[in-house]
Structures are given as structure tokens and as C-alpha cells.
Amino acid sequence: MSKARNYQLEMLMESLKGNIIVVICWFLCPGTALARQQFDVLQKTLSPVHMSFLIGAFGVDHWSNQETWDGILGPKDQPSVIVSTHQILFDAISHGFVSMDRIGLLIFDEAHHCTASHPARRIMDYHYHPRRMRGEYIPPVLGLTASPVTQAHPKKLKQIETGLNAVARTPSINHEELMRYVHIPKLQIAYYGHDPFGDALAMHPQGPCQTLASLCMVFESMEMGKDPYIIQLRNSRDPKKLREADELVLSKKTRTYLQMKELKVKATHLWEEYGNWAAEWFIREAVKDFQKRDIFYDDLMDSEEDLEDEYLNDEEKLYTLSLLRQISLPVSLGPVEDGLSVKVQALIDILLTEYENERGKADHAAFSGLIFVEQRVGTLALTEILKHHPRTKRIFKPGSMTGAGGFDKLLAFFDKGKHKRQQSNLEDFRTGKKNLIVSTSVIEEGLDIQDCHLVVCFEPPTNLKSFVQRRGRARRKESSYIIMYPRGTTQTKCSDFEILEEEMKQLYRDQSRQVDLDDDDKEHEEGHDKIYRIESTGAILTMESSVPHLYHFCACLPPQEFVDLRPQFQTTRSVGVDARVSWEAEVILPNSIHPDIRRFTTTKAWHTEKWAKRDVAFAACMKLHQLGQLDDNLMPLGKGDLQPMQEAQKRAPRATVDAQDDIWQWVNKHWNNATVAYANKVEMRFSSGQVAALDILLPIELPEISELKLYWSMTETIRTRISPQARKVKITPELIKRARNATFRLIRNHHYRAPADKLDYSCLFLPSEGSDEKWDQFPDESIPALEAYKSGIEMGVIREHDDIGDGFGALYIFERWRHDLNPLDFSTKLEGELLKQPIMEVTRLTRRRDFLHEAAGLGRKVDKVCQILPSQHRVDTLPWKYARLGLLLPFIVDRVEKTLLAASLRSHMKLEWLPTGSLLHSITASSAQDPVDYQRLEFLGDSVLKMLASAALFDQNPLWHEGYLASAKDKVVSNSTSSKAAVKAHLSKWIITKSFTGTKWLPKFISDPEAPKKEKLLSSKVLADVVEALIGVAFLTRGFDGASSLIKFFDFGQSFVWNTMASTVSSIVSQANESAKRFHGRTPHFDPLESFMGYSFKNKALLLEALTHLSHGGDLVSTSYQRLEFLGDALLDMIIVQRLYHNPVRVLSHIDMHHLKSACVNAYLLSFVCMDTNIEVPQTKADLKGRLQHKTVKTPLYKFLRAGSQTIPVADAQCYRRFLKVKDGIIRQLENAAEYPWTDLTRLDPPKHMSDIIESLIAAMWIDSNGNWIATESFVRKLGILKVCDRLIKENVEADHPMSRFGKFVAGEGRHGTVKYHIDKVEKENGQLVYNCEVEVNGRSIVKVNGGNNSQHAKTWAAQLALAIVEKEVEEQRRKKKEEERLKEEEEQAKADDEDEDENQGMKDKNKEMKEDEEDEDEETEEGKIEEGEKELDTDMSDAPLAPTSVQEQGENDTSSMSEAPPAPPFLTLIQEQEMRRGRIGIFKDRIEISSPNQFVLPPLTDMSNDKLL
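Residues numbered from 1 in each chain as written. Predicted model: local features only at pLDDT ≥ 70, side-chain atom pairs only at ≥ 80, totals over all residues. Heavy atoms only, no water.

S.K.: Explanation requested: the sheet that holds strand 4 (residues 105-109) in the structure shown.
M.R.: What holds strands together in a sheet is hydrogen bonding between their backbones, with the strands either parallel or antiparallel. Taking strand neighbours across the sheet as the criterion, the five strands line up as 2-3-1-4-5 in an open arrangement whose pairing is parallel. The two strands at the open ends of the sheet, each matched to only one other strand, are strand 2 (50-54) and strand 5 (141-144). For this sheet, the mean angle separating the axes of adjacent strands, direction not counted, is 15°. As paired strands, strand 2 and strand 3 (residues 80-85) are joined by five bridges and run parallel to one another. Its bridge partner being in strand 3, Leu 54 is matched across the sheet by Ser 84. Running over the sheet, helix 3 (residues 66-73) touches strand 1 (24-29), strand 2 and strand 3 and is turned about 120° from strand 2. Relative to strand 3, helix 4 (residues 86-94) is tilted by about 110°, and along the sheet it contacts strand 1, strand 2, strand 3 and strand 4. (Pairing = 2+ DSSP bridges. Helix = DSSP H or I, 4+ residues; strand = E, 2+ residues; numbered from the N terminus. Axes fitted to C-alpha atoms, helices over the stretch in contact; angles between N-to-C directions. Contact = heavy atoms within 4.5 Å.)

See the structure below:
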């Protein structure tokens, strides 16, 4: 870092006289580029400190809450540095977001701007000096400038000093050192041309510009009567608007006229100053860029004039585009050197001369120069010239610089596109990549650039500030400062500037001067002191800021097609008897605003039109605040639709909450004090017909518990019901001992993890009262199975003899005794009585412990039956009927626990009328994997909350427009708000998120220590969902009033009251009747429409409002349909959601309901209905003979709309033509297709008002009928919406959107695909825009469609086709995989068959050899017997063993198998084992199945988990 110079330190010490504690240092700059530069420097040089950089492009005007600003300013106890433009700070203080109390130091860079009405001066006048005069804290001020005055008069210095409360100083002690670092350039005057008083053609030897001539011709031929704004005014019946139209025709101050005029003026300036080439280049580029854009003017303006004149509405844009297309544009611009003015040629000569002079120096550096021009468009044109001119393009590397604000009106789009490159141009100039910059005055001050060898003023500087600061850019030694003048100029201002500069220097050096704050000669205009102050925030409204405030308020209104939302000012000029001119004004706001606050007039006559407008805007803003339309920061409430977005960003994905309550701790406390217990009968009915019952014993009365369905197997289910009637029993030691032992007997059989030394169970069980079975009195033991056989007891669980009870041994369920089987077939070690034992046929007891769900694949399995020896097993004395209850016991206890938890929440909310069963569903998250969770209830509750909030807001805020209503509703009906409400209510203590499994279950004990309070992280989405599910339960129980009662338990932070639906409806109806009085009974009649609706409106004004578009401005008493549309949206949602939830066809999942709801209420379907609904309107016409003819004409519903825009009928007609092309196809799909017609519906591309009409009519009917849901639903049915809904449900139509389905498909089954849609907008020859869309998945192009009507249609169409393609590809992959598996299996089968055949043949050969050997041995034995016969006769035959020596002999001796076929030879058993190992033989129950003599084929199992889509 370079060391500070002495003169710099001198100025620093001078500014810091006095004691300063810097909390926030606010560094103010006049432009964004300078602010960025200063921020970068400070960030690099300052020690770590909180820093913020603020400019308008960051959307600062949308920061509407104090929390955002507090984050920007940083912690109050830590220093911060803020760098911004002056306007940012002025607005922040004026809105009350920033207080002077927090600012420790104010630094004004380029302080000479603190004059007149500049934001820098307004900061001081409105916020600094008033505090100083009241004796309040004011921060020190440091002003930095190289030229304190901008005008040639010393008194202007005094104005700056008094404004900043400062004195101008220059170094005095170190003045000589300062001069060593300052190099004054050589001032030169360069003359060009011949005759400054000749005509313009003298400057253009190439002649006139033909393109400019064409532009001028188009401009001159403009007819004011065709101007869209004039047409709009004349179509209204308002006399004031008709008068305004006449005045505009004369003044020619319409926006389109002024835009075209601006284009002509700029092009003419370029032709005069730069030549034909520049003018033609500019016109061609401007028109080309304009044609590429749909929205041309989206920049924030700096002044109220900009606010009025800058923006074009849609109709004006189309009209302007039609004019631009009439201009004859050049095909080629031609050589640049042939189309330049004499002035530009002279400039090029200067540049080349100075370049050669610099190169001729011995110590020359790289050339760098600046060219200052007057207009922004000139910088762009001159840069293009220097880039293309053959004499300069290889020498100079030029760039342009024009700043970021104040775009020219029509050229905003053109200028903005070029401006994006300017920041890089400046950086390239600093680093030497560019050696020449063409700039407006923006680069005169502040911006850090390299020292220049040359500075050229293409136009002479207009004031002392420009003269001095431009000269200061030429800081190299022996640099040149050249000012261009026309030849023949006799006097320049340069000498005057130099004299005035010397006078200023004398004032700076006067150390005795002090600022005189009481002698401020600033000229205050009339109305300057009129201020409206908000005490709670410190925000202020001034006359100067009132017009921008009003424009900002209107800009935050809900946007609508074909509508100009700007406030409409109308002024009246009067001339008094004294010939003095005075002005009065009125302003009319859009008709989305309530009529009571739509029109304002001036409080008095003013001397200027500007102040009259300010006065009426001031009155409007003040009234809007007083009536709650502006908040205490004078900002629109919630900033329209931005507030919900801000709130959503604040919602953390997870929240720290209380852990779930252990309800058994509460039960245990009752056990400790209870004298009586409550026994409820638990009855379990098996689908096989078996019934088992027992009593559950607790110290509390159980709430009603819903029936529990359990799944023992796929073929057997169990319906478990706990009786709601409890039997009260006295607690005695004998009762408790018996219950504990009985509970222990049920638990110990299967739950080996349960401690055996604790019996004080929280939940006890007993044999059912009145039952003869005393199973709890059976001895707790197992006996040998043979003993059980002999005694004939009821069999319990069968165990192996060596089972130690750890749960790892095999367990069996007795089926029957088998006396037809030989024990020796099961064991060869049996002897004695064991040879006579019967065989036990059993089924293996399943190890499955989840009986809440149907196990995957269970349906393909059958309980395996096997046979076992009784002598090797033992039998539990507890009968299986009750032992099985021990397996199911955890699920009964779990359901009791969860029901008690739900009842606890019910008591906590003090809403005892809520059913515990539904309440349990509402607190069960899907992660708990319970058969029923909150998903369906949440879907219902979301719509109920939306309906209640919408109705309450509509009722309690009659002055709010639809934007405010939607913003407030979205804030309440949001996951962020619901989750925060759940956290405040500690709802997490009752939410069930963990899944239950019988395997890990352990009983609860009274002696268990109370667990400490814990916290956990829980999804905020789950918290919000549970709140809405609870609302759904309350609605199902007691309707909207029940839901309102439950909502009141939570803190939604809403600004309204949750009244009953009846009182809300009554209030809305009363307000509607009161509003109708404004019409004095003169409302138009819509008899045909009422006839179609089947309803006659009592309040015709409601029907009128439902059909009034925002563009309609024919009167000041009617309001647009937007508020009704807001309410109708909630009503239609509620009707459809209830129909989906309660449909009798099938129970829909929440996902299905979501898709079906989207299909029934989307804007495309509603627009289709609007165009497809034809109403018979009677018409009477006279024929040529004067005879009256009566007939009815079918009129589409959308034609009943009252609108003021001329573009709406055109847009409607275009949409209706598209409708006629697809109508039949859409109807066929809605009635018959298996898939919802999303693609064809999006082809309609309907204007928004077509769907809005449907919703506004629904709301109007609901209000007029006093909230009659039956009548309203009947109208929805007449529209055909319910017919569509019913058919989608009944026939299970695929309603999910193709884009959603495609995204899920490519991401599912392990494919992990990512979808991208590339939209290309193309303009056809007839001017129509079409949209092409290419779909990519993981970078691979799947499909491309051309000719979409809009971007949504193109994407939907492409997604539908892409889905079909990838589904076919995946199906083909699956088919190929199956084919490969089949071929591989056949190959393995053939190989195995060959091996088996070889093995079988070898076995046959071996058997043959064995047989031959046996025969030989028999012969030898026979011979031996003959020879030793005598010896054998002496042998004791009684001692000889009975050993058969052949199959025949064995058969003769084995009497048990004499009647059966002989056993298979050994090789068959071997083959059987081989087949089983290969999986070709499957064992099912007690049989072996072989699919064919040669092979056993299993159903192919397809695992796509590793398949890749692409």
C-alpha cells in the first residue's frame, strides 16, 4: 500500500477536528460506477469491518422491512462502512429504515453536487438541518471534491458550504508538495470546418442520409388519431378524458409520439455531428434491437418525468413497432470513411497527430486518451467509427463509457444492452488493454483511471466544473488538453474559466472563513416546506418525493395484461384577471383501487404544472397512508407479491423443537395415585373365524380408539377393536399381581429383549371378564411334546429341546398329529417306544414382526408345512390362541399410546369435540409408516385455511386491492407461517414421526425414570403439514366454524380476526349492498347470463363488478373484478377439493388429489370453459322493409366482459380462433382419453381475464346467495367443471402434467436424470412469434418441437413427446435384458442337461457293473456253499443277523412298504439335489413342483435399480 502524502494527511486532520466516534460511516457517491470503485478500494484497504455496497440495481426499493435494513447496517455495537449513491440513503432515511442516530460520519464524494434538488442536498435539507435546529444529534460531515462549484459564480460555493454545514479548504502548509504531484496539461484549441454559420450539408460532403430521411418521413406521417392512448381516451365516456385526448392531439405529447421523436432527434444529432454512417448504423441497430424484445422498458427511472413518459404499455409497444417497420433500413452500411462529418475527420487527425507525437518522445509511455462527447448515443457511434475506420482500427483500441442511469426513452433497450460491456471497458482501460475511451461527462469525476496523455473535448465544456475536471484527467507530464471549436469562432470560454478558477482558489486558501448557516441563499420553491411525518418510524413524505411514491404504489399493484397501471394525472391551466397563470390537477388511480380512494384533486392553485401534480400526489399518498394502503414506512403493504417470497426464503428447512412427549409418564403418575382401574375389552377377530379377547387395564379411561387392522398373513387379517365402554375395577394387590403375571405370560413368549425381573408394567392385560378361559393360570413352563400328546392339552408354541429362549431357535405352530408316517424316516437313532411316536405336522412360526402392513411379496408365499418328531421338541403350556396375542400385543399398546397422545393434544387445545381417531391421523407423519397418515387431511386443511383466510381478508379489508389480499393470504397460508405457529404452540410434542416395529418394542414400566426434556430437529414442512391436517379434522367434524375454532389456537400472526363463516358472509353481503348504492340503481342488466346461471342476482352491482376488467375506466364508481376473482379462486378450490376428498368411487391419495385439483382449476381449463360456454342472447333487427326480426345468438361467455383496452378484443379473437382449432380434440380427450389434454390446453395461450371471469362469477354468486354452497356448486356444474372432475376420478385418468411426469421418470429408478428445456423464440414473416423447445436429459437431446404457441405450450408438448420416447427406450432395454437373461438361462439349461445326461449315463453304467459284480459274487458264494455245506450246517443259525442282501430280500423283510412302489434308485436322488441347487426345483409348502420334465422356470425378476436411461 502506498504511503499517504503530507497534503492528504493535512486535509484529513482538518476534517477530523473535534471528537468523533464512528458507528456507521456512510460513504456517498453520485454514480454507481464511482460507488463500486470506492467500495472496492475501501474493502481492500480497511481492516476487517462490516461493509455493504448498495445501488438501485440491487432492488433496494423492494426492501420493505426493517429486518432487511438492520442486516445491511450490521450490529449496532460494531462499526460498519456503507457505500451507496445519495438517493439510496435519502430514500432509506425518508422511509424510516435508517436513522441519523446510527450514522457516525457522512462522507460526500464529489461534494459539489450538494446543490438545488440533488439527493445529496435533500439529505441535508430534510434530515440533517432539521435535527441540527432541534438540537438533536447530527453526524460530522466530510465533503470531497476537486472543483467545488459547477457554475461560474462564487455564491454557488456558499450554497454548497451551507448545504453540507462545512467550509471548503485546500492544502496550505503542504501546498508546494501538492503542486509537485499535479501536472497541468497544455491547453489547445482545435478548429474544424470552414463556415460555422453555413448549413448542415457543408459539414457532410457525402450528402444527406437516406435512412434518416425515411425515419423523418415516418415520423411526419404519424396520425395522432391512431395513437393507442388517444384511442383509449376517446373510447371512454368520461368528459375529462375526452378533453385530455383533444389536448394531446394538439400538443402531441403522447408517449409513442415522444418516443419516435426521440429516435429522430438522436439520429439527426448523429448525422449532424458524426455523419451518415453513424446515423444509419444507429437507426438500424435501434430498430433491430427493439424488434427482439417483448418488454422494452423495465428500468427504474430517476425522476417523476421519467415515470410519466418512459414506459409504453402493450398497445403502444405494438404501435411503435409498426412504425419502426416502415423505415427503409440499409442492407449494408458501406465504408465508414465515406460517411463521416468534417468534425469527425478532424478528430481522427488530432488523434493520429498526438499518437505520433507521444511515440516520438524518448521516454514515451503507452498511449492513453479520453474523448468527451455530449450525448450518450454519441459515445456508442464514435466508438464504432474508430473500431472500423481504416486509419484508426489498427492503432486505437476504443471503448465507451456512459454510466448506468437515465437511459434515453426509446433508446433504453438499445443503450442498456451496450452498457453491459462498459464496466469491462473501464477495467481494460485501467490495465492498458484499451488505450482510448469515448465518454460522456460521467467519467469527468471520481472514477479511477490511468493518467492520460490526451484529453479531447468533442464539444466544449459547459461549465467550470467540467472544464477543470476534464483537464484533471490529463495528468501525465507534457500532456495535452484539446477543446474542439468550429472554425471562425471568435470567443471561447476557456479564458473565463481560468479567471474564475483563480478566484475560487483564493476563497479555498482563506483559513479564516467560517460557514454562515443563517445566510443560506438557496432558492426555496413553493411547497418546499410541506412535509408529512410518521412519528412511529420517522418516515417523511415531501412534495418532491410524492409523485415517485405514488408511481411506486401503483407499480406494486397486481400486474394485468392490456392495462396501464400508472396514475393518470390531469391538469387544468387557468389565467387570472391579473394575467397570472395558475394550475390545478387531479389524479385517478387504476380501478383495482376502491372508488373511495381512487380520485384526488389539488388543495389549491399552483404557479406551475409540476407543483400542482406534486400537490395532488402528496394528498393521495397521505390519504393512502391514513387508510392503511401504505405502511408506516410509506411503503406498499408487503410489497405486493414479494412479501410471500421473502417469507419463504426465511423458512429454515428444519426447526429445533421439543421432543415427543412420553405419554406413559403421565399414565405412570396416575398409577401411583389410583384406587380404581379401568378395564376395556380388546377383541381380535381373525378372518379365519377365530376370535380372541382379553382386557386391557389402565388407571385412566381410554378415549375412543379406532378399529385397528393387522395382517397376520396375506390370507389372514385381524380386526382389533377396543371397547369404548370401560369396566371400573377396584385396585387390589391381588388384582395387580394377577394382571402383571398375565401380562408377563403374553410378553415373555416372543419379546426376549424385555427384562424378566421387572413386572410393574404401565399397561396391563388380563383374561377377558366373563371368559371361562383362565390362560393366565397355566404354569409358566414348557413340557415335552410327547407328554402334551398323551395328556391331550391345547398346544402352545412348539420349541426345540435345546431352545434357550433367546429368540434364535426355530418355533412352530401345531397343525395335526400324523400316524401314517414312520419316525425312522426322520431319525435312524430311535429305539424302543420312540419308534411308535406319532409325527407332528407343524408350520414354522414367522419371524416377521410387522403386522401393520402387508409385507412385500407375502402374497406369493404360503406357510411352509413340515413334520417334526415330538421327542425332540417341547410345547409351551400357554395355548397358541393366546400366545399369538403376545405377538400382536405391541401393536395394541402402540395404538393405545398414540391415541392417548392424540387425546392429550385435544385436551391441550381445549377442543374436546375433536375425534381422537382422526386427530391421531393428523399428527402421524408419513415417516411413521402408519397405514394412515396426515397427507389427505393436510390436503383438505390447506384449502380450508385458504378459504377462511380469503373470506376474512375480503371482509375485513374492503379497501384492499387484490394484491394486498393475495399477499396477506399467502403470508398466512404458507409453510413458513404454519411451521412457526406450530413451534410457538409446542406442537412437536404430539407429532409422531418414528416408525413402529414389533421387533424393537419394549414394554414401559412404572418404575422407569422420567426422561429429561429434550429437543430435536424436525422438518418445518412436517410442522406446517400437521397444522393444516388438524384444520382438516376440525372442518370434517364441525365445518368451517370448527376449523376457525382450531385455527384460533395457533398464532398465525395475521392482522384479521377468525370470525364464524356465517358472520363473515353476512358482513360481506352488507358491504356489497352498501357499495351498490353508488350506482343509484342504474346498473346494466345481464338477463341472458343470469338465465344461463340459473340464478337471479338480487345485487346487480356484484354481477357488474364480476364482469369489469381492470382496463375499464368509463366511470369512477365501479371496481374491477380482481377482488372477486381473489375470493372465487378460494371458493373453486374448496368445491373441487371437497369433491375429491369425499368422492364415493375410490379413496384418493394426496398426490392423486393434488394432480386432479390442478387439472380441474388450472387457468387453461377455465379459459376453455369460458370460450366453450355459449349463452343465448336475444337480438332484434329490422330488415330492409322495417319489419322487426327476433332471434337468439349464441354468445361466448368472455364477450360479456367490460373492458377499456382496444387490444383485448383483438387478443380474444385470436385466442378464440385457436380455441376453434383444438376444441373438438380437447372435448374428446376430456370425455374419453386416458390422459388429461395438457398439451392441447396450453395451445390456447389464453389471456388471463378469461379464467378470471369464471372465478369472479363464482364469488359474485356466492356472495349474492348469502354463502349458499349448493347454488354455487350448481353453477360450477353448469360450467362443466364438475363433469370433468368426476370423469377424471371415475376412469382413473392420468392427470399429472407431462413436465412433472417426465421429470420424475428420468430421475426415478436410479436413473438420476436432469431435464433442461431450451426455448427458442422465432418471429415469422407475418410478425407472429412461435416457440421452439429442445429437451435435454443429462446433456443428451431427446426431442425438439417447433411452432409452439407459447413457451409453456412448447415445453409441455416437448415433455409429452420426450416422455413417450424415453418410456419406449426403457421398455426396449427391459425387453432386451429379459431376452438376454432368457438366452443365458437356456444356455445354462442346455449345458446342465448335457452334464446330467452324461452323469446319468455314467450312473447307469456303474449300476450295470455293480449288478454284474453282484451276480459274480452270488455264483462264487453259491459254489462256496456247496463246497463248505457241511461246515455251514454246523453253524448256529439263531445267531445269524437279519441283513437283506438284495432289493428283493429287503422288500420281503420290510412289511411296511410291501404295498408301495420300490424306492427310486440312488442316482435320482442325486439329480434331484443338483436341480434344487441350480434353482430349477422349487419347494412350496409340502410339495415339489417341476415346471417341466427337464427344467424348472421361476418368474423372471427384473431389477432396474442399476439401469441407466441414457
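S.K.: For this particular structure, what's the right way to read helix 38 (residues 1163-1172)?
M.R.: The periodicity of an α-helix, 3.6 residues per turn, causes residues three or four positions apart to be oriented the same way. For helix 38, a buried count of seven out of 10 residues is recorded, marking the element as mostly surrounded by other parts of the structure. Of the residues flanking the start of helix 38, the one acting as N-cap is Asn 1162, its side-chain oxygen 3.0 Å from the backbone nitrogen of Tyr 1164. (Buried < 20%, exposed > 50% of the residue type's maximum accessible area, 1.4 Å probe, protein only. Polar contact = N/O pair within 3.5 Å; in protein donor to acceptor, adjacent residues only side chain to side chain.)

S.K.: Sorry, what's going on with the sheet that holds strand 29 (residues 873-879) here?
M.R.: Judged by pairing direction, the sheet is antiparallel, and its six strands sit side by side in the order 24-29-25-26-27-28 without closing on themselves. Bordering the open sheet on either side are strand 24 (782-784) and strand 28 (865-868), each of which pairs with just one other strand. Direction aside, the axes of adjacent strands within the sheet are offset by 45° on average. As defined by bridge partners, strand 26 (residues 811-818) adjoins strand 27 (residues 839-844) across six bridges and the pair is classed as antiparallel. The partner of Ile 813 across the bridge, within strand 27, is Thr 843. Where helix 27 (residues 880-909) meets the sheet, its contacts fall on strand 25 (796-800), strand 26 and strand 29, and the angle it forms with strand 29 comes to roughly 85°.

S.K.: What exactly am I supposed to notice about the nonpolar core here?
M.R.: The nonpolar side chains of a soluble globular protein tend to be buried with one another. Counting residues in each nonpolar core, the largest one holds 234 residues, and the members touching the most others are Leu 697, Met 947, Leu 1030, Leu 1089 and Ile 1263. A per-element tally of this core places helix 27 first, with 16 residues. Contact partners of Met 947, with chain neighbours within four places excluded, come to Phe 1040, Met 1061, Leu 1127, Ala 1130, Leu 1131, Met 1134, Trp 1262 and Trp 1269. Ala 279, Leu 333, Ala 346 and Leu 436 belong to the second largest nonpolar core, which has 58 residues in total. (Core = buried A, V, L, I, M, F, W, Y, C linked by side-chain atoms within 4.5 Å.)

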